[in-house]
Amino acid sequence: MTILTQLKEQITAQLPKLDMVIGWERGYDALHATPLFMRSVEDVERLQIGPLAVHNTATYLTGLKNKKVGLVVKGCDSRAVIQLQQEGLINRENVVVFGFPCDGVVDLTKLRHHIGDIGRVKEVKASSSELQLTLDGQEQQVTLADVLADKCTRCRFPNALVHDHFAGAPREAHAASDDYADVQAFESQPLEARFEHWKQEMSRCIRCYACRNACPMCVCRDHCVAQSRDPHWVTQEDAVREKWLFQVIHAMHLAGRCVECGECQRACPVDIPILALKRKLNKEIKEVFNHDAGVDPNAIPPLLSFQVEEENINERGW
Amino acid sequence: MAEAKFIANDKLTAWLDELSATMRVLAPARQGDAVVFAPYVAGQNVELGQEATAPPKSAVFPASEDLLRYDYRKNPEDLGQVDVELFPTITPEPTLVFGSRPCGARGFLIFDRVYDGAKYKDPYYLARREATVFATIACLQTENACFCHSVGSAPGDATGSDLLLTPLDDGYAVEAVSKKGEALLGSSLLAAGKKKAAQAKKLREQALKDMGEPQDFGPAKDKLLALFDDMGFWEDVSAKCISCGACTYLCPTCYCFNITDENAGLTGRRVRSWDNCMSFQFTLEASGHNPRPTKAHRLKNRVGHKFSYYPALHEGIIACCGCGRCIKSCPVSVDIREIVTKAMAHEPPAVEEAAK
Ligand code: SF4
Ligand code: SF4
Ligand code: SF4
Ligand code: SF4
Ligand code: SF4
């Protein structure tokens, strides 16, 4: 039995006890999957998993507080569930998690680098090692490894870390550790160059806040500091200063909470590489507190706890 | 109109250099992995091969603009009395939008009925609109998310543009659509192009054929209204929406705005900025009440506005140019075509049922 068939069986069996189960289905074209809200057995038939099922299903959880929700999760999605649980933002009893071994997802921006305009792809066949695309009447092969999201090439947790049902056999991790080499490489540049980079990148931000709303850990939502009108913390200007301020706030609020699902960056319609900001803060959190977000349901995020003496901070010795 | 012209590929940059010497030229430029309209700098590469990520909306309707500046002045004789001095700021710059697609240029026809209507005239909008010229590139290959032909347009539609350029192997056929456009054809870099124009017309017609059968969204006007109170329908179609604003900010026809006073001490600016009906703050009232409290209400507003309320006020014209940006840039691939189609197919519960 394939993993997909097994998942469908598990979901069908649980569906009567749940308001809905969230997974993925084919979207408006062959390249775009879209979140699927399954409420009936017919809906379950449409379920798809695989390298195009990019969305983090846990993003919807806090918006469905009083419902019984089933979630189909990849490893990174499951980390968001754990993190939300750690912070008491969801009631774990109301959530049924369906996990499966994840082989990684495609970064459509990277795919664009390989095939040019991705807007006209008519057909996609995905195997475990490549994508076969039909574009302008021609078939093209793309090696999956070339277009996998960066988060997947360094993924330590491809199997759901928390689950009530699991389909298939757990797979090996894609990587043993994450040394934040990308962050270090960026940090080796002079300060001015780094600031210039961000000024340039942020200049095309359209202040749509897709980065915020796609983030499973952004839970202020309607009351976000970036849009609150009273007090009016951030101006309505289309200025780099305001956009940058928001990104810094987002990153700070995610320090030690960000599960690096990459949804913020994927959602950005103008492809601003904002995951780097969150990775930078997670790197610091790792160094200081030795904490990984969304791994252990019983852990407490360091910035949500207080200890008189932190192990890695020599507070009294100065 | 003037005779059709032709610009060879290797002369295009020189032409843009020439044009940008006399006015601001906004052209699609690659920034990172996105293509956005940015002020053209002589010699720079323009990205004409694909539809820009963001439309040229801000050329006429900036994401934020000062409506006026103000200074508060304390009266030295009577410190309790504060005067305010206002400085209006209408400063349109002559602008050429080069290389937008028909949908991007056509978006302003939707704006015109609102900001240049019989009842209201918006001086800020009018000044910019008057100062802006559109040199549009016809689409010969359309994308999966495109549906301009279903909302009364076409990939080679010139309405709303001043010049229409059609890509040929060796350059572009350049045809004037308006007097404003005609005035741009004086350059010696342009060759005569009558034959090229005939060839271009064929290509544009083929592109329209390639799009397949258009969908008829006309019946959506009444169907959407009939569904207004059916929140079950709206909750269903909005379930996956994450209520960001990407769809509205990227939409060439979304024209809602917000006005805020941005103060700094005794001076400030009254700023008009894009608003977005997918945001909770959109209709949040000072009392705290919000008539559109959930994403379902808000998505209903977006779809309803474009396919029902606007057409009801404006001779059936749909306030969507079919550019597909809200579909392809939506983080979760919400498809507005699908929602409207579902609404049109929706059968209200039988009368007896509803009466119960
Ligand atoms: S990060 Fe890991 S779990 Fe997440 S999509 Fe990539 S491979 Fe799958
Ligand atoms: S900040 Fe970005 S990467 Fe981190 S949890 Fe939120 S969406 Fe995921
Ligand atoms: S998603 Fe991108 S464009 Fe939108 S607010 Fe975030 S950074 Fe800006
Ligand atoms: S439809 Fe898509 S782009 Fe628009 S608010 Fe919803 S999720 Fe965001
Ligand atoms: S509603 Fe969507 S398709 Fe229509 S004009 Fe706006 S962005 Fe384009």
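Right above here is the structure, for reference.
Calculation notes
Residues numbered from 1 in each chain as written. Chains lettered and ligands numbered in written order. Predicted model: local features only at pLDDT ≥ 70, side-chain atom pairs only at ≥ 80, totals over all residues. Heavy atoms only, no water. Helix = DSSP H or I, 4+ residues; strand = E, 2+ residues; numbered from the N terminus. Rg over C-alpha atoms; globule rule 2.2 N^0.38 Å. Buried < 20%, exposed > 50% of the residue type's maximum accessible area, 1.4 Å probe, protein only. Areas by Shrake-Rupley, 256 points an atom, 1.4 Å probe, with all protein chains shown as cover. Lys, Arg positive; Asp, Glu negative; His and termini not counted. Charge placed at Lys NZ, Arg CZ, Asp CG, Glu CD. Pairing = 2+ DSSP bridges. Salt bridge = Lys/Arg side-chain N within 4 Å of Asp/Glu carboxyl O. Near = heavy atom within 4 Å. Nonpolar A, V, L, I, M, F, W, Y, C, P; charged D, E, K, R; others polar. Contact = heavy atoms within 4.5 Å. Buried area = accessible area lost by both parts, 1.4 Å probe. Polar contact = N/O pair within 3.5 Å; in protein donor to acceptor, adjacent residues only side chain to side chain. Patch = residues over 30% accessible without salt bridge, like charges linked within 9 Å, V, L, I, M, F, W, Y side chains within 5 Å. Axes fitted to C-alpha atoms, helices over the stretch in contact; angles between N-to-C directions. Arc of directions from axis to C-beta. Core = buried A, V, L, I, M, F, W, Y, C linked by side-chain atoms within 4.5 Å. Phe/Tyr/Trp six-rings, centres within 6.5 Å; stacked < 30°, edge-to-face > 60°. Lys NZ or Arg CZ within 6 Å of the ring centre and 35° of its normal.

The next thing to look at is the overall build of chain A. Summing up its helical and strand segments, chain A has twelve helices and eight strands in all. Relative to the compact-globule value of 20 Å for 318 residues, chain A shows a C-alpha radius of gyration of 20 Å, a close match. Burial analysis of chain A (318 residues in total) assigns 54% to the buried set. Total accessible area computed for chain A in this model is approximately 14600 Å², and 51% of it derives from carbon and sulfur atoms. In chain A, 37 side chains carry a positive charge and 44 a negative one; their mean positions are 3 Å apart.

Moving on to the pairing of strand 4 (residues 64–74) of chain B. Residue and element names in this part refer to chain B. Relative to strand 12 (residues 267–274), strand 4 runs antiparallel, the two being bridged by seven bridges. Paired with Ser64 across the strands is Ser273, a residue of strand 12. In terms of strand pairing, strand 4 meets strand 5 (residues 82–88) through seven bridges, oriented antiparallel. Pairing of Asp71 across the sheet is with Glu85, part of strand 5.

Right, let's get into the pattern of salt bridges. Residue and element names in this part refer to chain A. Summed over the entire model, instances satisfying the criterion amount to 54 salt bridges over all chains. The closest approach of N and O atoms between Glu263 and Arg266, which form a salt bridge, is 2.7 Å. Placement of both Glu263 and Arg266 in helix 11 (residues 263–267) is noted, with a separation of three residues, approximately one turn of the helix. Judged by its relative accessible area of 4%, Glu263 is buried. Judged by its relative accessible area of 29%, Arg266 is partly exposed. Taken together, the shared-partner salt bridges connect Arg154, Asp178, Asp182, Glu260 and Arg279 into one network.

Okay, the site of ligand 2 next. All names here are of chain A. Cys215, Cys258, Cys261, Gly262 and Cys264 are the nearest of the 13 residues found near ligand 2. Elements represented by at least two residues in the shell around ligand 2 include exactly helix 11 and helix 12 (275–289). For the shell around ligand 2, the residue count by class is eight nonpolar, two polar and three charged.

Our next topic: the interface of chain B and chain A. Taken together, the 44 residues of chain B in the interface contact 44 residues of chain A. Between chain B and chain A, a total of about 3600 Å² is buried, with carbon and sulfur atoms accounting for 50% of that surface. Broken down residue by residue, the surface that chain B buries against chain A is led by Asp33, Asn144 and Gln281 of chain B, which jointly contribute 19%. The tally of links from chain B across to chain A stands at four salt bridges. In this structure, the salt-bridge partner of Arg269 of chain B is Glu237 of chain A, at a minimum N-O distance of 3.1 Å. The interface formed by chain B and chain A holds 23 residue pairs in polar contact (both at pLDDT 80 or more) in total. Mapped by element, the contributors of at least two residues to the side of chain B that touches chain A are strand 3 (34–39), helix 8 (246–249), strand 11 (257–264), strand 12, helix 9 (295–313) and helix 10 (325–328) of chain B. The dominant element in the side of chain B that touches chain A, judged by the number of residues it contributes, is strand 11 of chain B, at three residues.

Attention now moves to a nonpolar patch on the surface. Residues and elements named next belong to chain B. A contiguous nonpolar surface patch, about 440 Å² in accessible area, is contributed by Tyr72, Val82, Val84, Leu86 and Leu266. It is strand 5 that provides the largest number of residues to the nonpolar patch, a total of three residues. Along the polypeptide, Val82 turns up in strand 5. Overall, the relative accessible area of 42% leaves Val82 in the partly exposed class.

Bringing the sheet that holds strand 6 (residues 130–135) of chain A into the picture now. Residue and element names in this part refer to chain A. Strands sit in the order 5-6-7 across an open sheet of three strands; the sheet is antiparallel. The sheet is open, and its two borders are formed by strand 5 (121–126) and strand 7 (138–143), each paired with just one other strand. With direction set aside, neighbouring strand axes in the sheet form an average angle of 20 degrees. In this structure, strand 6 lies alongside strand 7, joined through six bridges in antiparallel fashion. Across the sheet, Glu130 pairs through a bridge with Thr143, a residue of strand 7.

Here we take up the sheet that holds strand 8 (residues 163–167) of chain B. Residues and elements named next belong to chain B. Here eight strands make up an open sheet; going across it, the order is 3-2-6-7-8-9-1-10 and the pairing mixed. Because the sheet does not close on itself, it has two edges, and the strands there are strand 3 and strand 10 (191–192). Of the pairings in the sheet, the one linking strand 7 (residues 132–137) to strand 8 comprises three bridges and is parallel in character. For Ala135, the partnering residue across the bridge sits in strand 8 and is Leu163.

Moving on, we get to the site of ligand 3. Neighbouring ligand 3 are Cys205, Ile206, Arg207, Cys208, Tyr209, Ala210, Cys211, Gln247, Cys268, Pro269, Val270 and Ile272 of chain A. Of the residues contributing to the shell around ligand 3, the split by class is ten nonpolar, one polar and one charged.

Moving on: helix 7 (residues 231–238) of chain B. All names here are of chain B. Met231, Phe233, Trp234, Val237 and Ser238 are the residues of helix 7 that are buried. Looking straight down helix 7, one finds that the buried residues subtend no more than 155 degrees of arc, so they occupy a single side. Looking at the buried side of helix 7, the elements it contacts are helix 6 (220–226), helix 9 and helix 11 (336–345).

Here we come to the nonpolar core. Counting 116 residues, the largest nonpolar core has Val81 of chain A together with Trp234 and Phe307 of chain B as the members making the most contacts within it. When near neighbours in sequence (up to four residues on either side) are disregarded, Phe307 of chain B contacts Phe147, Val151, Phe217, Ala220, Lys221, Leu224, Ile318, Cys320, Ile336 and Val340 of chain B.

Next up on the list: the environment of Asp10 of chain B. Turning to its location among the elements, Asp10 of chain B is positioned in the loop between strand 1 (5–8) and helix 1 (12–22). In this structure Asp10 of chain B comes out as exposed when scored by relative accessible area, which is 69%.

Moving on, we come to the packing of aromatic side chains. All names here are of chain B. Counted under the stated rule, the structure contains 22 aromatic pairs over all chains. A centroid spacing of 6.4 Å and a plane angle of 55 degrees characterise the contact between Tyr255 and Tyr310, whose relative ring orientation is tilted. Pair noted here: Tyr255 is in the loop between helix 8 and strand 11 and Tyr310 is in helix 9, with a separation of 55 residues, a long-range link. For the pair Tyr255 and Tyr310, a shared accessibility class is recorded, and that class is buried. One aromatic cluster is present, formed by Phe61, Phe108, Phe111, Tyr115, Tyr125, Phe134, Tyr255, Phe257 and Tyr310 through successive ring pairs. Stacked on the ring of Phe228, the Lys or Arg Lys300 has its end atom at 3.5 Å from the ring centre.

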